[in-house]
Amino acid sequence: MRILHTSDWHLGRTFHRVNMLGAQAEFIGRLVATVRERDVDAVVVAGDVYDRAVPPLAAVELFDDALHRLAELGVPTVMISGNHDSARRLGVAAGLIDRAGIHLRTSASAAGTPVLLSDAHGDVAFYGLPYLEPALVKDEFGVEKAGHESVLAAAMDRVRADLATRPTGTRSVVLAHAFVTGGEPSDSERDISVGGVSSVPAGVFDGVDYVALGHLHGSQTLTDRVRYSGSPLPYSFSEADHRKSMWLVDLGADGSVDAERIDCPVPRPLARIRGRLDDLLADPDLARHEEAWVEATLTDPVRPAEPMARLCERFPHTLSLVFDPERAPGDPDVSYARRLAGRDDQQIAEDFVAHVRGTGPDEHEQTVLRDAFDAVRADETVREVAR
């Protein structure tokens with residue numbers, strides 16, 4: 001069975017205020033063309049179809065167009081909701097859409113209920129594990145401690161239990177939206193950490209033939225059977241070195257996996273340049289970036305006049321301007337932003353306690369802070385889903 005694995009469309013998202021809807025439509029066109037030209041048997045979309053719980057109308061219309069085009073090809077499509085989607089909204093009319101061969105899996109309770117597709121070698125069971133917010137699904141799975149590993153492990157127990165009841169030789173594919181250990185994140189993914197932990201081990205998915213992952217925006221192979229497709233478009237400059245693609249997966253009669261990367265259309269290359277403004281404007285080696293979307297980091301000791309206007313004369317698609325002035329070693333005048341770079345909310349809060357009190361929080365106080373951050377994040381998730 002030939003499967004096209006994609007994820008993280010983020011329909012409706014912008015890139016530094018640039019409307020990406022046209023580029024997203026071009027990607028949908030490439031996806032549909034690939035399905036038609038490469039004889040794809042099934043499409044899987046591993047979450048984050050939309051960029052937010054209540055997407056703009058234009059994004060919904062593009063999604064609707066994508067579903068119609070896939071349905072017209074007669075190729076089954078299996079989709080799950082991600083942490084950016086509203087599972088309830090995305091799942092509306094799922095039963096009706098199912099009749100058209102578009103299978104939406106947005107409910108945690110259906111983790112062990114597969115979409116069964118067949119080829120000449122028998123059945124392939126597709127299990128959809130939507131993004132499982134631990135605080136919201138721990139009761140559904142009967143786990144005592146709300147954590148990503150515990151709820152995903154419980155969901156996979158249901159998958160393996162159902163698979164055990166299937167005829168011998170039934171192959172299996174799991175769609176999941178999660179941060180799996182070994183994956184490389186970028187700046188454009190929303191933090192999903194609970195209790196300071198966001199990742200789960202790949203071993204959670206043992207026992208299935210292929211795991212189609214979503215959430216991380218870089219295409220990655222964790223094992224031959226566990227892969228991220230990544231987002232089809234860049235959503236932060238940290239993705240400047242990404243090769244945006246989909247996985248074309250051939251699932252053999254014996255469950256073997258052969259995967260090929262299919263490139264996605266590139267609306268405009270990304271470039272990160274760094275240096276003093278006058279040097280950036282004069283450097284001939286930077287000519288290759290003149291038509292790229294540019295993030296410029298200026299290292300001038302004194303902020304130059306009208307830097308964005310001057311940059312745009314040479315790099316008209318400059319979208320981001322960062323100041324990181326050169327300083328002598330030991331110079332205490334380090335910006336607040338630089339002091340916070342790479343530190344999460346928990347670490348920043350602990351540093352604040354240490355600054356105010358003279359000593360950092362003890363183990364109990366660290367737990368209180370962590371629980372408070374988890375509660376706020378879970379509450380934001382509940383309110384977003386309820387919108």
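One can find the structure itself at the top, above this paragraph.
Please read these numbers as outputs of a predicted model, since none were measured by experiment.

Caption draft 1: A look at the overall build of the protein chain. Along the protein chain, the regular secondary structure elements total eleven helices and 19 strands. Here the C-alpha radius of gyration of the protein chain, 23 Å, is about what a compact globule of 387 residues would show, namely 21 Å. Considered along the principal axes of its C-alpha atoms, the protein chain spans approximately 70 × 55 × 40 Å. The buried share of the protein chain, reckoned over its 387 residues, is 48%. Sequence separation of 24 or more characterises 69% of the internal contacts of the protein chain that already satisfy a separation of 6 or more. Per element, the accessible surface of the protein chain, about 18,300 Å² overall, is 50% carbon and sulfur.

Caption draft 2: The arrangement of the sheet that holds strand E18 (residues 293-298) in detail. One open sheet holds the three strands; their spatial order is E17-E18-E19, and the pairing between them is parallel. Among the strands making up the open sheet, the edge pair consists of strand E17 (270-275) and strand E19 (318-323). Adjacent strand axes in the sheet meet at a mean angle of 15°, parallel and antiparallel pairs treated alike. Relative to E19, E18 runs parallel, the two being bridged by five bridges. Note on E19: the bridge partner recorded for Glu295 is Ser320. Helix H8 (residues 307-314) rests against E18 and E19 of the sheet, and its axis sits at about 135° to E19.

Caption draft 3: Local environment of the side chain of Glu239. Considering the arrangement of structural elements, one finds Glu239 in the loop between strand E14 (226-228) and strand E15 (245-251). For Glu239, a relative accessible area of 2% translates into the label buried.

Caption draft 4: Just the packing of helix H5 (residues 134-141) against helix H6 (residues 148-164), in detail. Where H5 contacts H6, the axes come no closer than 10 Å and their chain directions differ by 40°. Accordingly, the angle class assigned to the pair H5 and H6 is oblique. Every pair of crossing elements has a handedness; the one defined by H5 and H6 is left-handed. Touching Pro134, Val137, Lys138, Glu140 and Phe141 of H5 are His148, Val151, Ala154, Ala155 and Arg158, all from H6. Of the residues in the contact of H5 with H6, the class split is six nonpolar, one polar and three charged.

Caption draft 5: Structural view of the nonpolar core. Within the largest apolar cluster, 32 residues are counted, with the highest numbers of intra-cluster contacts made by Leu129, Phe141, Val174 and Phe205. The biggest single contributor to this core is H6, with seven residues. Among all residues touching Leu129, those that are not within four sequence positions of it are Ile80, Ala111, Leu152, Ala155, Met156, Val159, Val174, Leu175, Ala176 and His177. Of all hydrophobic cores here, the second largest spans 29 residues; its members include Leu4, Phe27, Leu62 and Ile102.

Caption draft 6: Inspection of helix H1 (residues 21-37) at higher detail. Taking 1.5 Å per residue as the helical rise, H1 with its 17 residues ought to reach 24 Å, and the 24 Å between its terminal C-alpha atoms agrees with that figure. Within the sequence span of H1, burial applies to Ala23, Gln24, Phe27, Ile28, Leu31, Val32, Ala33, Thr34 and Val35. Of the residues trailing H1, Asp39 is marked for its positive phi of about 55°.

Caption draft 7: Quick peek at the pairing of strand E4 (residues 42-46). When you tally the buried positions in E4, you get five out of five residues, the bulk of the element. Burial along E4 is two-sided: the face carrying Ala42, Val44 and Ala46 and the face carrying Val43 and Val45 are both buried. In this sheet, E4 lies alongside strand E1 (residues 2-6) in parallel orientation, the contact comprising four bridges. If you follow Thr6 over to E4, its bridge partner there is Val45. Sheet topology places E4 next to strand E5 (residues 77-80); four bridges connect them, and they run parallel.

Caption draft 8: Main features of the pattern of salt bridges. By the definition in use, this model includes 18 salt bridges. Between Asp51 and Arg13 there is a salt bridge, with its nearest N and O atoms 3.4 Å apart. Linking Asp51 in the loop between E4 and helix H2 (57-73) with Arg13 in the loop between E1 and strand E2 (14-15), this pair joins segments that are 38 residues apart in sequence. Owing to a relative accessible area of 15%, Arg13 belongs among the buried residues under this scheme. With a closest N to O distance of 2.6 Å, Glu239 and Lys244 form a salt bridge. This pair shows no difference in class: Glu239 is buried, exactly as Lys244 is.

Caption draft 9: Looking closely at the side chain of Asp324. The residue Asp324 is located in the loop between E19 and helix H9 (336-340) in this model. Given the relative accessible area of 15%, Asp324 is considered buried. Side-chain polar atoms of Asp324 contact the side chain of Arg274, separated by 2.7 Å.

Caption draft 10: Highlighting the pairing of strand E16 (residues 257-263). By the bridge criterion, seven bridges tie E15 to E16 in an arrangement that is antiparallel. When the bridges of E16 are listed, Asp250 appears paired with Asp258. Adjacent in sequence and paired antiparallel, E15 and E16 are bridged by five residues, among which Gly255 carries a positive phi angle near 90°.

Caption draft 11: Here's a closer look at the packing of aromatic side chains. According to the stated counting rule, one finds four aromatic pairs in the structure shown. Here Tyr50 and Phe63 contribute two aromatic rings whose centre-to-centre distance is 5.4 Å and whose plane-to-plane angle is 65°, an arrangement assigned as edge-to-face. Linking Tyr50 in the loop between E4 and H2 with Phe63 in helix H2, this pair joins segments that are 13 residues apart in sequence. Ring pairs connect the aromatic residues Phe15, Phe237 and Trp293, which therefore count as one cluster. If you follow Arg227 out to its NZ or CZ, it ends over the ring of Trp247, 4.5 Å from the centre. It is Arg303 that lies over the ring of Phe323; its NZ or CZ is 3.7 Å from the centre.

Conventions and cut-offs
The residue numbers shown here count from 1 along each chain, following its written sequence. Only residues with pLDDT of at least 70 get local features here, since the model is predicted, and only at 80 or more are side-chain atom pairs given and counted; chain-wide, interface and lining totals rely on the full set of residues. Derived side-chain values reflect all non-hydrogen atoms in the structure, with water molecules and hydrogen atoms excluded from consideration. Numbering of helices and strands starts at the N terminus; helices are DSSP runs of H or I of at least 4 residues and strands are runs of E of at least 2. Radius of gyration: over C-alpha atoms. The globule rule applied is 2.2 Å multiplied by the number of residues raised to the 0.38 power. Under the scheme applied here, a residue whose accessible area is under 20% of the maximum for its type counts as buried, over 50% as exposed, and between as partly exposed, the area being computed with a 1.4 Å probe on protein chains only. Contacts are residue-level and defined by heavy atoms, with any inter-residue pair within 4.5 Å sufficient. Reported accessibility uses the Shrake-Rupley method at a 1.4 Å probe radius. Residues are deemed covered only where the shown protein chains occlude them. By this definition, two strands are paired if DSSP reports at least two bridges between them. An axis is simply a line fitted to the C-alpha atoms; with a helix, the fit covers only the stretch in contact. Between two such axes, the angle follows the N-to-C directions and lies from 0 to 180 degrees. Each angle receives one of four descriptions, namely roughly parallel if under 35 degrees, roughly antiparallel if over 145, roughly perpendicular if within 65 to 115, and oblique otherwise. In this scheme, a crossing is called left-handed if the near helix is turned counterclockwise away from the far one by less than a right angle; it is called right-handed if the turn is clockwise. Under the scheme applied here, ten amino acids are nonpolar (Ala, Val, Leu, Ile, Met, Phe, Trp, Tyr, Cys and Pro), four are charged (Asp, Glu, Lys and Arg), and all others, including Gly, are polar. To define a nonpolar core, start from buried Ala, Val, Leu, Ile, Met, Phe, Trp, Tyr and Cys residues and group those joined through side-chain atoms within 4.5 Å. The span one expects for a helix is its residue count, reduced by one, times 1.5 Å. For this document, the term salt bridge refers to a Lys or Arg side-chain nitrogen within 4 Å of an Asp or Glu carboxyl oxygen. Each polar contact in these results corresponds to two N or O atoms within 3.5 Å; when the atoms are within protein, one needs to be able to donate a hydrogen and the other to accept it, and residues that are neighboring in sequence are counted only if both atoms are side-chain atoms. Classification of ring pairs uses Phe, Tyr and Trp, with its six-membered ring standing for Trp, and accepts pairs whose centres are within 6.5 Å; under 30 degrees between planes counts as stacked, over 60 as edge-to-face, and the remaining range as tilted. Any Lys NZ or Arg CZ that is within 6 Å of a ring centre and within 35 degrees of that ring's normal is treated as a charge sitting over the ring.

Note that all results are geometric; they support no functional claim without further evidence.
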